[in-house]
Amino acid sequence: MSILVVGSVAIDSIKTPFGQRSEALGGSATYFSMAASFFNKVNIVATVGEDFPKKYIALFKSKSIGVDGLHIARGKTFRWKGWYDYDLNTAHTVYTHLNVFKDFKPEVPRPLRKSGCVFLANIDPELQYNVLKQIERPRIVAADSMNYWLEHKKKAFERLLDKVDVLLLNDAEARQFSGESNLVNAAKFIISAGPKVVIIKKGEHGVIYFSKSSHFIAPAYLLESIYDPTGAGDTFAGGLMGYLSKVPKINEAGIRKGIIYGSILASFAVEDFSINRLLDISMKDIKKRNRHYR
Ligand code: AMP
């Protein structure tokens, strides 16, 4: 089952207590597709500007990430600048320059409209909705968001929720959206708004899965050195959806296994800046860490 992702493809500038990078490859769709590409073919729907380095497009292609839906527009690529303190769970945004995303009207190429596995990565919920509308009967739809959109586009986000099977949010976003400080109550509120499953990400403390009738807690893989937590959530989603795109039937047991794969992929992503660490691992490394985790 092929995977389609809509989200940001970005140029990031990041500072953590362990170093900094400017003008590095980032974006929610980028991290997601790099992770999911270990499992299956992924196609990106997004836009970049004319300044987007061609070498990154070649990189996507070399990982079998489809770029037919990656539109090159006049103008500048989306840029995000952020920093982290020693509490690496909280990203502080310096700026978000939407640039070419401001006028982006996503057109999903016809052959991709039959994608079975759809991930609406963090981007304007109106764009997420617009892309989802173009897909014919997807088998599973998962979505992510962030405080920026929950604050600026809450109504559009609520409209989307009804069409989503699995929603991923971090704990602060789940609290922000639900108005509940307790995460069990926040999850109940979110499930009543549409999704069958909500996965609340708690950074280095792992994730909590909630459905209407059950829950499951998966700790993060314990690491000695973390350099840059950017993209951990998107990478997690890539591991989860990548795994689910391979199973014959999607059920709770599969989602639980997918959550473990997501956690493993995310643990690699944070070991270096940008997507660098994901570039030097193979499925063998992922399976090895998976066995160790279990
Ligand atoms: P994460 O750390 O998983 O939340 O994702 C980080 C990535 O999200 C970075 O590479 C940014 O380029 C991207 N990003 C930051 N802010 C936004 C936003 N408002 N919309 C879409 N993507 C964003």
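Note: the structure precedes this text.
A few points on the structure. (Residues numbered from 1 in each chain as written. Predicted model: local features only at pLDDT ≥ 70, side-chain atom pairs only at ≥ 80, totals over all residues. Heavy atoms only, no water.)

This brings us to the side chain of asparagine 40. Relative to the helices and strands, asparagine 40 resides in the loop between α1 (28-36) and β4 (42-49). Dropping the residues within four chain positions of it, asparagine 40 is found in contact with Met1, Ile3, Ser245 and Lys246. (Helix = DSSP H or I, 4+ residues; strand = E, 2+ residues; numbered from the N terminus. Contact = heavy atoms within 4.5 Å.)

Taken across its five residues, strand β10 (residues 166-170) has four buried, putting it largely inside the fold. Bridge analysis of strand β9 (residues 140-144) against β10 gives three bridges, and the strand direction is parallel. Along β10, the bridge assignment pairs aspartate 144 with leucine 168. Bridging between β10 and strand β11 (residues 197-201) involves five bridges; their strand directions are parallel. Of the residues in β11, the one forming a bridge with valine 166 is valine 197. (Buried < 20%, exposed > 50% of the residue type's maximum accessible area, 1.4 Å probe, protein only. Pairing = 2+ DSSP bridges.)

What follows is about the environment of leucine 223. By the secondary structure assignment, leucine 223 is in the loop between β13 (215-218) and α8 (232-244). For the pair leucine 223 and serine 267, spaced 44 residues apart in the sequence, the C-alpha separation amounts to 7.4 Å.

So, on to the sheet that holds β4. What the nine strands build is an open sheet, ordered β5-β4-β1-β8-β9-β10-β11-β12-β13; its pairing is mixed. Strand pairing shows two members of the sheet lacking a second neighbour, β5 (65-73) and β13, which therefore form its edges. When the angles between neighbouring strand axes are averaged without regard to direction, this sheet yields 15 degrees. (Axes fitted to C-alpha atoms, helices over the stretch in contact; angles between N-to-C directions.)

Around the ligand sit 19 residues in total, of which Ser8, Asp12, Gly27, Gly231 and Asp234 are the nearest. In this structure, asparagine 122 approaches the ligand through a side-chain N or O atom, which is 3.4 Å from a nitrogen atom. Secondary-structure elements contributing two or more residues to the shell around the ligand are β2 (10-16), α4 (147-152) and α8. No other element matches the three residues that α8 contributes to the shell around the ligand. Looking at the shell around the ligand residue by residue, the classes come out as nine nonpolar, eight polar and two charged. (Near = heavy atom within 4 Å. Polar contact = N/O pair within 3.5 Å; in protein donor to acceptor, adjacent residues only side chain to side chain. Nonpolar A, V, L, I, M, F, W, Y, C, P; charged D, E, K, R; others polar.)

Tallying each qualifying case throughout the model produces 11 aromatic pairs. Here phenylalanine 18 and tyrosine 227 contribute two aromatic rings whose centre-to-centre distance is 6.2 Å and whose plane-to-plane angle is 80 degrees, an arrangement assigned as edge-to-face. One end of the pair, phenylalanine 18, is in the loop between β2 and β3 (19-26); the other, tyrosine 227, is in the loop between β13 and α8, with 209 residues separating them in the sequence. Since its relative accessible area comes to 35%, tyrosine 227 is described here as partly exposed. Look at phenylalanine 157 and phenylalanine 177: their rings are 5.2 Å apart centre to centre, the planes differ by 85 degrees, and that puts the pair in the edge-to-face class. (Phe/Tyr/Trp six-rings, centres within 6.5 Å; stacked < 30°, edge-to-face > 60°.)

This part takes up helix α11 (residues 283-293). The set of residues buried in α11 consists of Ile286, Arg289, Asn290 and Tyr293. The arc enclosing the buried residues of α11, seen along the axis, measures out at 105 degrees, which places them on a common side. Exposed side chains of α11 directed beyond 90 degrees from the buried face belong to Lys284, Lys288, Arg291 and His292. The inward-facing, buried residues of α11 contact β13, α9 (252-269) and α10 (276-279). (Arc of directions from axis to C-beta.)

Attention shifts here to the side chain of glutamine 128. Relative to the assigned elements, glutamine 128 resides in helix α3 (residues 125-133). Engagement of the side chain of glutamine 128 in a polar contact is seen with the backbone oxygen of leucine 120, the distance being 3.0 Å. Apart from residues no more than four positions distant in its own chain, glutamine 128 is found in contact with Val6, Leu120, Ala121, Asn122, Ile123, Asp144 and Leu160.

So, about the packing of α9 against α11. At a minimum axis separation of 10 Å, α9 and α11 run at an interaxial angle of 115 degrees. Considering their axes alone, α9 and α11 lie roughly perpendicular with respect to each other. As for the relative orientation of α9 and α11, their crossing is right-handed in sense. Between α9, through Ile260, Tyr261, Ser263, Ile264, Leu265, Ser267 and Phe268, and α11, the contact on the second element is made entirely by Met283, Asp285, Ile286, Lys287, Arg289, Asn290 and Tyr293. Considered class by class, the residues forming the contact of α9 with α11 number eight nonpolar, three polar and three charged. (Parallel < 35°, antiparallel > 145°, perpendicular 65-115°, else oblique. Left-handed = near helix turned anticlockwise from the far one by under 90°.)

Scope: geometric values only; no functional claims are made or implied.
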